[in-house]
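A structural walkthrough
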Amino acid sequence: RDSGIAHVTAVPDSVSTAKPPAVANAQVATSPTLAQVRLAMPAGGGWWRLDPAVSGPDRLLLVYHPYSARVSVRLPPDYRVQARTIFETDLDPAWSRRALAFPLKAPGPVFIGIDGARYPLQVAIRDVREHTAEDRGHTRVLFTSIGVLVGVCLVALVFWLVLRDRIYLWYAACMASQMLYLLCSNGEAYAMPGLRLLGRFAAPGVWFVATLSTIIGVNFLLVFAELRTRVPRLSRLLMLVGAWLPLLLLALLVSPWPANKDWFPGIGNLLLLLANIVAIAALALAWRRGGRHAGQMLLAWVPLVVMSTARAVQLSIGAPLSPWLEYGLPLVLACTAVVLMLGLADRMQAFRSERDRARQDAQHDPLSGAYNRVGIMQRLQHAVAEARAESRQLAVLFLDIDHFKQINDTHGHALGDACIRQLSWLVQEDLMPGESFGRLGGEEFMLVLPGVNGRHARDAAERLRRKVEGRSVVLDGVRVGMTVSIGSVEYVAPETPDALVKRADAAMYAAKEAGRNRVVAA
Ligand SMILES: Nc1nc2c(ncn2[C@@H]2O[C@H](COP(=O)(O)OP(=O)(O)OP(=O)(O)O)[C@@H](O)[C@H]2O)c(=O)[nH]1
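What you are looking at is a predicted structure, and each value in this text was computed from that prediction instead of being measured. (Residues numbered from 1 in each chain as written. Predicted model: local features only at pLDDT ≥ 70, side-chain atom pairs only at ≥ 80, totals over all residues. Heavy atoms only, no water.)

Topic: a nonpolar patch on the surface
Operational definition: Patch membership needs two things, relative accessible area over 30% and no salt bridge, and members are linked within 9 Å if like-charged or within 5 Å if nonpolar (Val, Leu, Ile, Met, Phe, Trp, Tyr). The accessible surface values rely on the Shrake-Rupley method and a 1.4 Å probe; as for residues, cover is taken only from the protein chains in view. The salt bridge definition used is simple: a Lys or Arg side-chain nitrogen within 4 Å of an Asp or Glu carboxyl oxygen. A run of H or I in DSSP becomes a helix once it reaches four residues, and a run of E becomes a strand once it reaches two; helices and strands are each numbered from the N terminus.
A cluster of nonpolar side chains, namely V155, V158, F159, L161, V162 and L163, defines an oily patch on the protein surface of about 510 Å² accessible area. Locating F159 in the fold gives a position in helix α2 (residues 128-163).

Next up, the structure:
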């Protein structure tokens, strides 16, 4: 794509104040069309004369990515001065703000003056249709990314409202500030209701948003990748670099307005670069030390840093803007948002499994692997509530190992433990869905049998008693026999779970009294 400009000549600044007819009296040059025209500022700004390669109707003079620059033009036929910046709210809405567009209404050379640019600006003269098509492509890419960012921000905010985990708020703030920066640096913010106001602050407004988004990004990074605990030294260094950013923001706000604050971008970019280098080093180290979330963050953050650094370098050396650079940043930002969202989902999953494990630990007995007292009593309460609500049958068996103290005293505690494990295993082997088995403490156990009547419960208890009696317990070559006494009861509404357990315990006690190794039903 050529620039549509045949010849470029630097002209004296007096062109800006010269009377219109005097401006255009130079000859049209005949040099071949220039592929790229980038106007690099001498300190402060300058004026150029551009000779269009082709003249004709429907042509636009375009100044791409003017960012902080103020662009003045003097166009045929009247050569009146028109000045524009992307911060204005009333630019022609027909085009996006990736370029300032000036319609050329008559043939003849054009004059362009640029002031306050921080890097060489690319200019071209193009057909309106050609520019409109390119502009649509640009807008599609930009707003696809903005759409993704708005979506993830809303989802994160809803998650924060429901789950109250601050990480979602950090994530939403991080993505919202990146999105705002994208909109401001592209100029689109100044054409949008609600954000127009930002145009008043011109370039310092963009720097403010960029610095704010870096501060939020650093904090999000620290929390998300658990850098404080995984890499304490590097995270302190990151916080130290990050601490200068709010100071810089403060200086930007309180220094006299409207000075051009030219000192800001140099320091700001340096701090940004430093923060990025330290952040990547910290993430890489945390990842190597087993930080899964640091790895995810690295995967999400590095492409963004690479892309924004490449863009900054391209701008500062005035290299031609390739499409992958122009469109890469919004697309990479959208990918970053999605990868981080996956990271957040993974974090939530990790929390859930941790919670499930804690719940499991809180309700289980580590020795027998069965429910503990809390767990089995909770199952019993559910079963009683269900039996009441649905008039269903329910039975409970209370089991106690016979002469357990004697087993312990004769063969040692380890063999006693082996008895507990074996009994638990023998019972759980035959559990039907919905039935629960737990250890109430010591050598006492309870079996909850929903949907089972008293007679069937007694039969099941008898089978169980015989099964236990028939298997001896072996540990380190020592073999002992084990028997159990079982109390079997059927639930009678509206008795409480505690009353039911008491009756079962009493039945078991009766079995002991009657000589042990037997079932007593009550
Ligand atoms: N090995 C082992 N022993 C335990 C554990 N919990 C409690 N015990 C022991 O279990 C024994 C319980 O004994 P008792 O309740 O007096 O029962 P017993 O008199 O031996 O037998 P019965 O009268 O038939 O119930 C005590 O010696 C406790 O120290 C445990 O987790 N492992």
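Digging into the UniProt feature "transmembrane region" (unreviewed entry) in the protein chain
For clarity, the cut-off: UniProt positions are given in the numbering used here, feature names are shortened, and annotations may be inferred rather than shown by experiment.
Under the UniProt annotation, the feature "transmembrane region" (unreviewed entry) is placed at residues 141-162, 169-192, 204-225, 237-257, 263-286, 298-321 and 327-345. For residues 141-162, the end-to-end C-alpha separation is 32 Å, with 100% helix and 0% strand making up the annotated structure. A helix fraction of 100% and a strand fraction of 0% characterise residues 263-286, whose end C-alpha atoms lie 35 Å from each other.

Section: the nonpolar core
Let me state the cut-off plainly: We call a set of buried residues a nonpolar core when its members are Ala, Val, Leu, Ile, Met, Phe, Trp, Tyr or Cys and they connect through side-chain atoms within 4.5 Å of each other. Relative accessibility under 20% of the residue-type maximum defines a buried residue, over 50% an exposed one, and the middle range a partly exposed one, all with a 1.4 Å probe and only protein chains included. Throughout, the edges of the domains are those of an automatic or database domain assignment.
L61, I112, Y171, M175, L227 and L340 are the most contacted members of the largest nonpolar core, which totals 86 residues. Among the elements that line this core, the one with the most residues is helix α4 (residues 202-224), at 11 residues. When residues of this core are assigned to domains, at least three fall in each of domain 1 (5-128) and domain 2 (165-360). Residues I401, F437, V452 and V468 belong to the second largest nonpolar core, which totals 29 residues.

Topic: the pattern of salt bridges
In total, this model carries 19 salt bridges according to the counting rule given. Where R392 meets E386, a salt bridge forms, and the shortest distance between an N and an O atom there is 3.3 Å. For R392, a relative accessible area of 35% gives the class partly exposed. Note on E386: relative accessible area 38%, which makes it partly exposed. Note that D402 is salt-bridged to K512, the shortest N-O span being 3.0 Å. Of this pair, D402 sits in the loop between β10 (394-401) and α11 (404-411) while K512 sits in helix α14 (residues 497-513), and the two are 110 residues apart along the sequence.

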